[in-house]
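Remarks on the overall topology
Take a look at the letters that make up each chain.
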Amino acid sequence: MSLSTRDAAVLWHPFTQMQTAPLPIPIVRGEGSLLFDAEGRQYLDLISSWWVNLHGHAHPYIAERVSEQLRTLEHVIFAGFTHEPAVQLAERLLPILPSNQKRVFYSDNGSTAVEVALKMAFQYWHNLGQPRPRVIAFDDAYHGDTFGAMAVGGRSAFSAPFAPFLFDVSYLPTPIPGCEAAVLAQAEALFDNDVAAFIAEPLVQGAGGMQMYEPAVLDKLMRLAHHHGALVIADEVMTGFGRTGKLFASHHLAEQPDLMCLSKGLTGGTMALGVTTCTAAIYDAFLSDDKFKTLFHGHSFTANPLACTASLASMDLLLSVETQDSIKRIAGQHHAFAEELRQHKAVSNVRQRGTILAFDLVAGGQASYFSNIRDVAYNFLLDRGILMRPLGNVLYFLPPYCTTNEQLEQGYEAVRELLDEIS
Ligand SMILES: *Cc1c(COP(=O)(O)O)cnc(C)c1O
């Protein structure tokens, strides 16, 4: 029996309608930006396997470091104990974050990093004896799939079955170019001293359709939040580690967030790990002789040494001149292709921030294409060995940094063919 058939008998896949989805493709090996299936077909992974991979698949340096760690210490309880990889990662991470970030709290993934940030924010106010009940977020935000993370995400058909169980959040429209003034006016009316936190994906809203907005308007919103004492949470789970052209999207800003959430690229996409960082003021609000001011939160695999080691190895690679040059190179290639896309009638709303290039597909006359343009595009590209996964009609590139210019061109060429096909 094939792996796909065995899979179909026992597994349930994420974000997948199991009744209608085609059998999953069995991947047996990865190398650089390429994935290889059981029949030796190759796929160019231009979405970094759901935005996690930074340096290519099965990177030998990360593999070496993790396997060394695996032989030394695979895991240890992180309450009452510590270990070198956890300490070293925090020591190396804090200096490359906005300068006010002073403490690192580990968890398991992006959603838990957001949960921890929300709990820190609510409990911060609780510990100060001034509880604040409200969070402000963006309409099309995505912060993860656990309940707290879902509550602060944009409400949609995906969260509808859970709507009665999600805490109240006030929403602002995403301040995309042209809408800044209107969003700021709405924000003026929304922010008050009841707001515990304002959470945002800085500059690029990933799952909400790769919507991009300018640093200036986020700076203004953050200033407004801070004016009312609200804490700002920067969810950099997707934007972190170079995607936006700087190490973190927050580095494009003048204002500094109070809390940050990191995951995905944190380990170079090797293992699951989440990080929440915060300012000294937030950390200090939990210091007390009163036990009930403790942050009562933790996961079994908090600060897993293997995941921390993967992160340390990934950071070595990320900070190398070679990778930093690649980030600029990819941004440059995207920039040129973006110019070309703007001329195409099957494309609208071309946008780019660093290594992320996104645009909307506009189908021509054929109604059948229009109604399922996402599946048409996905399958068309997959048939040509290109792994891209449109968000509705939004197609985007978010490649690992090791992707060569030739590979990028392969992706661009497949997209050109797709555009000609649908227009
Ligand atoms: C993916 C994502 C999350 C959730 O991370 P998981 O590891 O999938 O739980 C949270 N925030 C943003 C911005 C993301 O892109």
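Residues numbered from 1 in each chain as written. Predicted model: local features only at pLDDT ≥ 70, side-chain atom pairs only at ≥ 80, totals over all residues. Heavy atoms only, no water.

**Remarks on the site of the ligand**
As a structural note, the neighbourhood of the ligand is formed by Trp-51, Asn-109, Gly-110, Ser-111, Tyr-142, His-143, Gly-144, Glu-201, Asp-235, Val-237, Met-238 and Lys-264. Protein contacts shield 84% of the accessible area of the ligand, which totals 380 Å² for the unbound molecule. (Near = heavy atom within 4 Å. Areas by Shrake-Rupley, 256 points an atom, 1.4 Å probe, with all protein chains shown as cover.)

**What to know about the domain arrangement of the protein**
In terms of domain boundaries, the protein breaks down into domain 1 (3–58 + 323–422) and domain 2 (63–318). Taking only C-alpha atoms into account, the centre of domain 1 sits 27 Å from that of domain 2. The interface is formed by 25 residues belonging to domain 1 together with 29 residues belonging to domain 2. In this assembly, domain 1 packs against domain 2 so that about 2,200 Å² is buried in total across both faces, 63% of it on carbon and sulfur atoms. For the interface between domain 1 and domain 2, the tally reads one salt bridge. (Domains from an automatic or database assignment. Contact = heavy atoms within 4.5 Å. Buried area = accessible area lost by both parts, 1.4 Å probe. Salt bridge = Lys/Arg side-chain N within 4 Å of Asp/Glu carboxyl O.)

**Concerning the pairing of strand β14 (residues 356–361)**
β14 sits mainly inside the fold: six of its six residues count as buried. In textbook terms, the turn of a hairpin is the stretch between consecutive antiparallel strands, and for strand β13 (residues 347–353) and β14 this stretch comprises two residues, one of which, Gly-354, has a positive phi near 60°. Bridging between β14 and strand β16 (residues 394–397) involves four bridges; their strand directions are antiparallel. Bridged to Leu-357 within β16 is Phe-397. (Buried < 20%, exposed > 50% of the residue type's maximum accessible area, 1.4 Å probe, protein only. Helix = DSSP H or I, 4+ residues; strand = E, 2+ residues; numbered from the N terminus. Pairing = 2+ DSSP bridges.)

**Here we look at the layout of surface pockets**
By volume, the second largest pocket amounts to about 380 Å³. Forming the walls of the second largest pocket are 16 residues, and the residues nearest its centre are Phe-78, Val-104, Phe-105, Tyr-106 and Thr-302. Taken together, the elements giving at least two residues each to the lining of the second largest pocket come down to α4 (84–93) and β4 (103–107). In the lining of the second largest pocket, the residues fall into 10 nonpolar, five polar and one charged. (1 Å grid on protein atoms, 1.4 Å probe; cavity = no way out; pocket = protein on both sides within 12 Å on 5 of 7 lines; lining within 4 Å. Points joined across faces, edges and corners; volume = space filled by probe spheres on them. Nonpolar A, V, L, I, M, F, W, Y, C, P; charged D, E, K, R; others polar.)

**Thoughts on the sheet that holds strand β12 (residues 274–278)**
The sheet built from seven strands is open, its strands ordered β4-β12-β11-β10-β7-β5-β6 with mixed pairing. Of all strands in the sheet, those with a lone pairing partner are β4 and β6 (170–172), marking the two edges. Pairwise comparison of adjacent strand axes, ignoring direction, gives a mean angle of 20° for this sheet. Along the sheet, helix α7 (residues 180–190) makes contact with β5 (134–138), β6 and β7 (195–200), crossing β6 at roughly 160°. Strands in contact with helix α8 (residues 215–227) are β5, β6, β7 and β10 (231–235); relative to β7, the strand with the most contacts, it is inclined by about 165°. (Axes fitted to C-alpha atoms, helices over the stretch in contact; angles between N-to-C directions.)

**Details of the environment of Tyr-142**
Note on placement: Tyr-142 falls in the loop between β5 and α6 (147–152). Each C-alpha atom, one on Tyr-142 and one on Ile-27, is 28 Å from the other, the two residues being 115 residues apart in sequence. Apart from residues no more than four positions distant in its own chain, Tyr-142 is found in contact with Phe-15, Glu-201, Ala-207, Gly-208 and Asp-235. In terms of polar contacts, Tyr-142 uses its side chain to reach the side chain of Asp-145, at 2.9 Å. (Polar contact = N/O pair within 3.5 Å; in protein donor to acceptor, adjacent residues only side chain to side chain.)

**Overview of helix α3 (residues 60–72)**
In this model α3 runs 18 Å from its N-terminal to its C-terminal C-alpha over 13 residues, within 8% of the 18 Å that 1.5 Å per residue would give. Looking at the buried residues of α3, the elements they touch are α4 and α10 (305–318). (Expected span 1.5 Å × (residues − 1).)

**Observations regarding empty space enclosed by the protein**
To find leftover empty space, a probe the size of one water molecule is rolled over the atoms. Taken as a whole and judged by the stated rule, the model has one cavity of 30 Å³ or more. The calculated volume of the largest cavity comes to roughly 40 Å³. Elements supplying a minimum of two residues to the lining of the largest cavity: α8 and β10. Per-element tally for the lining of the largest cavity: the top contributor is β10, with three residues. Looking at side-chain class alone, the lining of the largest cavity contains eight nonpolar, one polar and no charged residues.

**Re the pattern of salt bridges**
Scanning the model with the defined rule gives 14 salt bridges in all. Close ionic contact of Arg-416 with Glu-413 constitutes a salt bridge, the shortest N to O distance being 2.7 Å. Of this pair, Arg-416 and Glu-413 are both found in helix α14 (residues 405–422), three residues apart, which corresponds to roughly one turn of the helix. A cluster of three or more residues bridged by salt bridges with shared partners is formed by Glu-340, Glu-409, Glu-413 and Arg-416.

**Topic: the environment of Phe-380**
Tracing the backbone shows Phe-380 in helix α13 (residues 373–383). On the basis of relative accessibility, which here comes to 10%, the residue Phe-380 falls in the buried class. Expressed as a C-alpha distance, the spacing of Phe-380 and Pro-14, which sit 366 residues apart in the sequence, is 22 Å. In contact with Phe-380, other than residues within four places in its own chain, are Ala-414, Glu-417, Leu-418 and Glu-421.

**Brief notes about the side chain of Arg-351**
Mapped onto the secondary structure, Arg-351 falls in strand β13. What Arg-351 contacts, discounting residues up to four positions off in sequence, is Gly-209, Met-210, Gln-211, Met-212, Ile-356, Leu-357, Ala-358, Phe-359, Asp-360 and Val-394.

**Quick word on the pairing of β5**
If a strand is regular, its side chains alternate between the two faces of the sheet. Most of β5 sits inside the fold, with five of its five residues counted as buried. Burial along β5 is two-sided: Arg-134, Ile-136 and Phe-138 facing one way and Val-135 and Ala-137 facing the other are all buried. Pairing of β5 with β7, which is carried by three bridges, proceeds in the parallel orientation. Paired with Arg-134 across the bridge in β7 is Val-195.

**Regarding the sheet that holds strand β3 (residues 42–45)**
With respect to topology, four strands assemble into an open sheet ordered β1-β2-β3-β15, the strand pairing being mixed. On the outer flanks of this sheet lie β1 (27–31) and β15 (386–387), each paired with one strand and no other. Examined bridge by bridge, β3 and β15 share two bridges and lie parallel to one another. Bridged to Asp-45 within β15 is Leu-387.

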